[in-house]
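One-letter residues, chain by chain:
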Number of protein chains: 4
Amino acid sequence: VDGRLVCVQDFATAAAARLPLMALDYYRSGATSQVTLIENRRAMRRWYILPRLLRDVSTRSLGTSVFGHSLQLPIAIAPTALQKMAHPLGECASASAAGRHGTVFTLSTIATSSIEEVARSAPNAIKFFQLYIYRDRSLTEKLVERAKAAGFKAIVLTVDAATFGIRRADIRNNFNLPPHLKLANFESTSDEGTLGDRGTGNSGINEYVKDNFDAGITWQDLKWLINVTTLPVVVKGILTSADASLALQAGVAAVWVSNHGARQVDGVPPTIEALPHVVAEVNGRCPVFVDGGFTDGSDIFKALALGASLVFIGRPVLWGLACAGEQGVYQVIEILKRELDNVMTNSGCRTLSDITRDMVVRRDQFSKL
Amino acid sequence: VDGRLVCVQDFATAAAARLPLMALDYYRSGATSQVTLIENRRAMRRWYILPRLLRDVSTRSLGTSVFGHSLQLPIAIAPTALQKMAHPLGECASASAAGRHGTVFTLSTIATSSIEEVARSAPNAIKFFQLYIYRDRSLTEKLVERAKAAGFKAIVLTVDAATFGIRRADIRNNFNLPPHLKLANFESTSDEGTLGDRGTGNSGINEYVKDNFDAGITWQDLKWLINVTTLPVVVKGILTSADASLALQAGVAAVWVSNHGARQVDGVPPTIEALPHVVAEVNGRCPVFVDGGFTDGSDIFKALALGASLVFIGRPVLWGLACAGEQGVYQVIEILKRELDNVMTNSGCRTLSDITRDMVVRRDQFSKL
Amino acid sequence: VDGRLVCVQDFATAAAARLPLMALDYYRSGATSQVTLIENRRAMRRWYILPRLLRDVSTRSLGTSVFGHSLQLPIAIAPTALQKMAHPLGECASASAAGRHGTVFTLSTIATSSIEEVARSAPNAIKFFQLYIYRDRSLTEKLVERAKAAGFKAIVLTVDAATFGIRRADIRNNFNLPPHLKLANFESTSDEGTLGDRGTGNSGINEYVKDNFDAGITWQDLKWLINVTTLPVVVKGILTSADASLALQAGVAAVWVSNHGARQVDGVPPTIEALPHVVAEVNGRCPVFVDGGFTDGSDIFKALALGASLVFIGRPVLWGLACAGEQGVYQVIEILKRELDNVMTNSGCRTLSDITRDMVVRRDQFSKL
Amino acid sequence: VDGRLVCVQDFATAAAARLPLMALDYYRSGATSQVTLIENRRAMRRWYILPRLLRDVSTRSLGTSVFGHSLQLPIAIAPTALQKMAHPLGECASASAAGRHGTVFTLSTIATSSIEEVARSAPNAIKFFQLYIYRDRSLTEKLVERAKAAGFKAIVLTVDAATFGIRRADIRNNFNLPPHLKLANFESTSDEGTLGDRGTGNSGINEYVKDNFDAGITWQDLKWLINVTTLPVVVKGILTSADASLALQAGVAAVWVSNHGARQVDGVPPTIEALPHVVAEVNGRCPVFVDGGFTDGSDIFKALALGASLVFIGRPVLWGLACAGEQGVYQVIEILKRELDNVMTNSGCRTLSDITRDMVVRRDQFSKL
Ligand SMILES: Cc1cc2nc3c(=O)[nH]c(=O)nc-3n(C[C@H](O)[C@H](O)[C@H](O)COP(=O)(O)O)c2cc1C
Ligand SMILES: Cc1cc2nc3c(=O)[nH]c(=O)nc-3n(C[C@H](O)[C@H](O)[C@H](O)COP(=O)(O)O)c2cc1C
Ligand SMILES: Cc1cc2nc3c(=O)[nH]c(=O)nc-3n(C[C@H](O)[C@H](O)[C@H](O)COP(=O)(O)O)c2cc1C
Ligand SMILES: Cc1cc2nc3c(=O)[nH]c(=O)nc-3n(C[C@H](O)[C@H](O)[C@H](O)COP(=O)(O)O)c2cc1C
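Structure report, in brief. Sequence order as written defines the numbering, with residues in each chain counted from 1. As a convention, the first chain written is A and the first ligand written is 1, with the rest following in written order. It should be noted that, the model being predicted, local features are given only for residues of pLDDT at least 70 and side-chain atom pairs only at 80 or more, the latter also being counted only at that level, while totals for whole chains, interfaces and linings use all residues. Where side-chain values are given, they derive from all heavy atoms of the structure, hydrogens and water being excluded.

1. Examining the relation of the copies chain C and chain D
Here is step 1: Residues below a pLDDT of 70 in either copy are left out; the C-alpha atoms of the rest, at least 70 in both, set the least-squares superposition of the copies. Placing chain C over chain D gives an RMSD of 0.0 Å and needs a rotation angle of 90 degrees, together with 0.0 Å of translation along the axis. Put plainly, the chains are arranged around a four-fold axis. For chain C, the smallest separation between a C-alpha atom and the rotation axis is recorded for D364 of chain C, amounting to 7.0 Å.
Here is step 2: Here only 2% of the contact residues of chain C are again contact residues in chain D; the copies associate through non-equivalent surfaces. We call two residues in contact when some of their heavy atoms are within 4.5 Å.

Structure (structure tokens):
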């Protein structure tokens, strides 16, 4: 990895120069006018960190645990589809990097590496499987079983994608999977395995989703899923306390605050602002995860202070992958880890539990005296 | 239509490259320093959409109705003058596109196609006639009668144009109607039909308005109009609860929140901010319409959540017309429809009535916890 | 005057191309980092105008009166020094344009045309004399007497200039009066009449002020001035209710809210924000004037709604003067007059007294429902 | 010094053109994404100055005192490391300029001039010694003793640097001290005196800090320091009222509000916003100092009004040094002094005690009426 890549933004810039436009656009786009894409980042800056000084921080630990598994740091990998467009080893490389860091890798249903390949490549990673519910419910159930069989530790049901958001660049590019790649979790000849050009002039992936995902799922389907598997079920995509409450009632193991990287409904709140609402509602009854626009150690510190247990990153992993495969992903996580550790050190936090709610405050709130 | 035109902004950009500057400037300008023009768009972004998840959205309907007429979608066409500058078929093409979409087309008094031509070209459109009250009151009454006779379904009285706002580009361009066009609702030799260069160095249309429109009209004239016709009368241009209240007292069939596309008084509120004031005042007593800066499905969703029954678009229609005539207008509406449908799908809304007030919140309000 | 100059900003741009840099910089600069210079303009945009509709505005009057004198419009000319750098006829031309418009012209103490010259050139203008109090108090008194003798109608004591603010461009330019010009109210050989290069590497005008103005004046000196003349005394430069209150106690005839065109203390409030504080304090006991950043009819409307009796313009006059002498100044005022009239027409205001406090509201206040 | 350098920003620009990139980047960088670096400046602009008029300001004094020593102005020099990268005379030149101005110079522990050299070069400066606590505690104690012996008047313990913040440019540049320079307070052959390339690809200074500073220090160590010396002990880096309170309990002589020039934790509050919190907590029990982004006289006035006793500048001194050595530093301070004096004059303040809390107000607070 190039030593000049010293922050996540550097990786983003370098990746943009390397990736074919169709892949780059697919990765970086947000929905329609991308207002939320910008908000995800900008909202971070509306929070101040209030450091505490003269506390002994000579040794620190970033370790935590989730569902009984130990993690070396609270930064984990969110599911992003089609990673082999960024690097030949795709999801296998990302998962392996997560393993080296002792953290979680989440595999997308619509990955270009299969559940079993990823399991083989990354025995040390704590692996979660991100599920989309297909119209074909038995096929869906089979995915869950395969994940469990392959040693995955949780099922993450993504609930913010009844259909895919409109990403204008993908329509312009008539986005499609390069011919040498496939949706590796499915038979390559099945409907679910094929992401071909349907001649609609639309994004190929959006057409695929419309054809295959079940837009009719409800809280009942979440309960069905929880019943169908012994794995903990996480619900991903929650933005309101109302839905967090329903998720808890359904029996989820964790709530994942996400706006899908600003790729679904343009105009939803940035996740750093939705987080406190969800945390207040959940009130300690289960862990709360978050993702969306985390590119700095300071951002991660803020989310932890606001009550998140784990902070997931999506695009930064893709940029690492595009720049240098597994080592690139490793490096991106390493950078964020160092930045978080640095913020903790200079804020008087020896462990994650030292990062308390009173250590962050909104600018407007602080600037009142 | 070029497949690369995937959003309203694309049409605006393409239209700017095609239109003669004088027409382009007339279409795009706002009053004086154009502060409200920018605010109309920017204010949209100060609202967050709060989606609800895991609701069955496998089938959806965008259908609604107005004054007893069914519409296939809540997006309609606002009156904009002089559409033949954008395309030879002008208002006839726009009306026809509205008809194909099963929605409302509003014809301006100062159109370049006549009431009767539009009626013939667009039998399927639900047609409203937008009225300016002329000094010559019997001529005014005749317009209303002709609209009724031609099958128009409502009269929209525009009340925010006692005189025309100052649009600096029009003065610079010494704006005038191209010689081959005419104000088609009037005798071409009459005062009201002639928009010639008066040698004032001012905008020709502004001089026309000063000479012909009655700047002395009051709420009494609105009552007169309501009496004079059996058609429902809509009052267009309301920005305050005070005037909404007076309109209701006068007996209007609907209130249309508008700042005339930011073309009249620079500095008035953006319509998305005036809307909640008017909705609260009206309190369900009549439908509330809105226009001003709607270019994304998310914007339209926000207005519906805030209580609008119909969202009208002005300039986007002109951009569609300039790019590809009727098909261009059709495409612009199609894009907005798809974007709205996408937001509804991913926000758990199966019908328009599922889009409730609690699904939008101002950024400042949400970012308090 | 070039017909393309359709707004004040056009005049500013054209003037910048014509003026020598030293004069341009002197005219346009604000103090130090020019934060307030920008705020003066930007703060205008934080206010919304709430128009009222369907009121008979077929005839309108912008007329008003001050100290018993009738004005044809509420827009007047603020004192700006050294106007002959912009045009050979300088203050005489500006005053004459004010006369043609039936409004007030305020002559600076440090003008390049004398009290008597201006009186001769502009018999129709309502003339105010802006006073700086010199160390030489009898010389100061003589200025007041000369103004009275020449038919000036008020003395405006500028109280925000104990010393001149730091204008960085003037220091860089080693600003000085071109040799053919002089401070016309003084003997050309006296200390007070000479603005020569003092070899300090500082702005010549700032050095002059330091040498000649009395930085020790207090509210007692204001009372002295009120006693010394039968003319109404206006106090210019008030930004706080505390000082407005003291001014009223001293017996002023009017309070002029000003930050000296953002040229004195950088960081003071924009005048549109100081205005409501002063108006509330004064509470009708005397007229309140305002200046600072008024370049649009909408801005002027806002100030009138907030309680100002007259709105003064400084730089816009200089831009008019630089572009086309008296006719340029006339044109600048004409533009603002037309813009104000247009806003009034479209906001339902027939006279200035129809412009009420409830017709403006801050964005934050309005955007709460 | 070039006469065109009329403000601190001019010096910054000129310095950027002269300094080698490695030094420039070290000097100007903030931590990670530099959000706080920008906030430090931008937050200043959210405060308005409310001047008071017609007070006798013909003579003024900027004099003040600290720990019994008289200062001619409330502007002092903050500790910045490695000043010889900017100019061969480094800290000696800066200290000497402070002496000529009758103000405080603070010498960094990691200076390129030694305690004794600075004492010799700047007998007239009031000298403070900024301390970092080393793992080697006796070496640390010796530094304190040497400072006392050399006539330094206070020990400033920097508590916001358990480790150094991540400055991305320094990593990119593989930052290191030019070979001809050394950490002059230490034996050149000792660990503490050597800032060599450790081949880590990291910033050399950050590695040095990690190896040598004690990250385990607590409030007990502050108490130890207070016991070990008879000099007043100032604690530098306080941002919260909680830590201000603990500092007072420990017995400090003054609290210094600082975010280390935005170089430690990115995302902490700008110091102008932290200041009122600390002032309220301290409540007059000891002086409060502040630094961070002060580049204008208006900024300094605001801090004084908010309760600061002294305002320290960091980077402006480096820019002065880089442009013209001692004379450059002198000039930078002179500019700020003149700007502060100008603001005081035009705000009715004859002495520092006239700069009261009611003379500043946040924009949001003021813009409410
Ligand atoms: C290119 C891309 C593909 C994604 N694919 C999926 C997916 O298959 N399943 C899913 O639940 N989320 C998916 N997401 C959303 C991510 O899990 C995550 O919520 C988001 O990327 C976090 O924001 P960030 O990219 O700003 O870190 C995708 C995001 C991106 C950018
Ligand atoms: C070029 C143009 C011409 C217009 N002509 C009329 C008109 O004749 N009558 C009318 O009531 N409104 C007219 N309007 C205002 C529109 O009906 C509508 O309020 C506005 O365009 C909505 O804002 P939008 O353009 O941002 O969608 C016009 C607007 C534009 C841009
Ligand atoms: C070039 C210039 C010279 C000025 N000279 C004077 C003056 O001699 N006396 C005075 O009271 N105000 C003076 N002012 C301040 C103006 O009277 C007025 O307060 C200010 O220009 C209003 O702001 P505006 O320029 O944005 O309209 C001057 C302003 C400028 C721009
Ligand atoms: C290049 C540089 C080196 C610094 N070195 C030190 C130091 O050695 N010790 C310390 O306490 N603070 C150090 N600081 C922080 C300054 O003392 C001060 O807090 C900061 O520079 C003030 O902000 P300003 O640069 O915006 O004026 C340093 C700052 C800079 C910019």
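2. Structural notes on the interface of chain C and chain D
Here is step 1: Listed as interface residues are 44 residues of chain C and, on the opposing side, 32 residues of chain D.
Here is step 2: Between chain C and chain D the total buried area reaches about 3200 Å² when both faces are included, carbon and sulfur atoms providing 58% of it.
Here is step 3: Accessible area that two parts lose when put together, evaluated with a 1.4 Å probe and summed over both, is termed the buried area. Per-residue buried area on chain C facing chain D is highest for R168, R172 and V265 of chain C; these three make up 17% of the total on that side.
Here is step 4: Salt bridges are defined by distance alone: a side-chain nitrogen of Lys or Arg within 4 Å of a carboxyl oxygen of Asp or Glu. On inspection of chain C and its partner chain D, the count reaches four salt bridges.
Here is step 5: Within 3.5 Å is the distance limit for a polar contact, defined as a pair of N or O atoms, with the added protein rule that one can donate a hydrogen and the other accept it, and that residues adjacent in sequence qualify only through two side-chain atoms. There are 20 residue pairs in polar contact (both at pLDDT 80 or more) connecting chain C and chain D.
Here is step 6: Strands are runs of DSSP state E lasting at least two residues, helices are runs of H or I lasting at least four, and both sets are numbered from the N terminus onward. Of all the secondary-structure elements, those providing two or more residues to the side of chain C that touches chain D are α3 (35-44), α7 (168-172), α9 (219-228), β8 (233-238), α10 (241-250) and α11 (271-282) of chain C.
Here is step 7: With five residues, the top contributor of residues to the side of chain C that touches chain D is α11 of chain C.
Here is step 8: Just so you know the grouping, Ala, Val, Leu, Ile, Met, Phe, Trp, Tyr, Cys and Pro go in nonpolar, Asp, Glu, Lys and Arg go in charged, and all remaining residues, Gly too, go in polar. Here the side of chain C that touches chain D is built from residues that sort into 23 nonpolar, eleven polar and ten charged.

3. Points about a positive patch on the surface
Here is step 1: Where like charges cluster on the molecular surface, the positive patch consists of K368 of chain A, K368 of chain B, K368 of chain C together with K368 of chain D.
Here is step 2: Mapped onto the secondary structure, K368 of chain A falls in the segment after α14 (363-366).
Here is step 3: A relative accessible area of 59% places K368 of chain A in the exposed class. Candidate patch residues must exceed 30% relative accessible area and have no salt bridge, after which like charges are joined if within 9 Å and Val, Leu, Ile, Met, Phe, Trp or Tyr side chains if within 5 Å. To measure how exposed things are, a 1.4 Å probe is used in the Shrake-Rupley method; for residues, cover is taken only from the protein chains shown. Charge counting treats Lys and Arg as positive and Asp and Glu as negative, with His and both chain ends excluded. Working definition for charges: the position is that of NZ of Lys, CZ of Arg, CG of Asp or CD of Glu. Under the scheme applied here, a residue whose accessible area is under 20% of the maximum for its type counts as buried, over 50% as exposed, and between as partly exposed, the area being computed with a 1.4 Å probe on protein chains only.

4. Let's talk about the side chain of S29 of chain A
Residues and elements named next belong to chain A.
Here is step 1: Positionally, S29 belongs in the loop between α2 (21-28) and α3 (35-44).
Here is step 2: Within the structure, S29 has its side chain in polar contact with the backbone oxygen of D25 (distance 2.7 Å).
Here is step 3: Residue contacts for S29: discarding those within four places in its chain leaves Q34, L37, R167, A169, G261, R263 and R315.

5. Concerning the nonpolar core
Here is step 1: Grouped together as the largest cluster of nonpolar side chains are 494 residues, with contacts concentrated most on I110 of chain A, I110 of chain B, I110 of chain C together with I110 of chain D.
Here is step 2: If sequence neighbours within four positions are ignored, I110 of chain A has contacts with A81, L82, Y132, Y134, F164, L183, I205, Y208 and F213 of chain A. Put simply, a nonpolar core is a bunch of buried Ala, Val, Leu, Ile, Met, Phe, Trp, Tyr and Cys residues held in one set by side-chain atoms that sit within 4.5 Å of each other.

6. Looking at the site of ligand 1
Residue and element names in this part refer to chain A.
Here is step 1: Among the 24 residues in the neighbourhood of ligand 1, the closest are listed as P79, S108, T158, D291 and G293.
Here is step 2: One of the side-chain nitrogen or oxygen atoms of Q130 is found 3.1 Å away from a nitrogen atom of ligand 1.
Here is step 3: Compared with its free state, where it exposes 590 Å², ligand 1 has 98% of that area covered by protein.
Here is step 4: Residue assignment for the shell around ligand 1 shows that the elements contributing at least two residues are α2 and α13 (315-346).
Here is step 5: In terms of residues, the shell around ligand 1 owes the most to one element, α13, which gives three residues.
Here is step 6: Class assignment for the residues of the shell around ligand 1 results in ten nonpolar, ten polar and four charged. Neighbouring residues are identified by heavy atoms, a residue being near a molecule or strand if any of them is within 4 Å of it.

7. Some remarks on the side chain of E91 of chain D
Here is step 1: Mapped onto the elements, E91 of chain D comes out in helix α4 (residues 90-101).
Here is step 2: Once residues lying within four places of it in the same chain are set aside, the contact partners of E91 of chain D are T80, A81, L82, Q83, K84, F105, L107, A111, T112, S113 and V118 of chain D.

8. Remarks on the site of ligand 3
All names here are of chain C.
Here is step 1: By nearness alone, 24 residues border ligand 3, and P79, S108, T158, D291 and G293 come closest of all.
Here is step 2: Interatomic distance of 3.1 Å between a side-chain N/O atom of S258 and an oxygen atom of ligand 3.
Here is step 3: A distance of 2.8 Å is found between an oxygen atom of ligand 3 and a backbone nitrogen or oxygen belonging to G314.
Here is step 4: Computed on the free molecule, ligand 3 has an accessible area of 600 Å², of which 98% lies beneath the protein chains in the complex.
Here is step 5: Mapped onto the shell around ligand 3, the elements with two or more residues apiece are α2 (21-28) and α13 (315-347).
Here is step 6: Partitioning the shell around ligand 3 into residue classes produces ten nonpolar, ten polar and four charged.

9. Topic: a negative patch on the surface
Here is step 1: There is a patch of like negative charges on the surface, built from D364 of chain A, D364 of chain B, D364 of chain C together with D364 of chain D.
Here is step 2: Along the chain, the position of D364 of chain C falls in helix α14 (residues 363-366).
Here is step 3: Classification of D364 of chain C as exposed rests on a relative accessible area of 53%.

Read these as layout, nothing more, since geometry by itself doesn't imply function.
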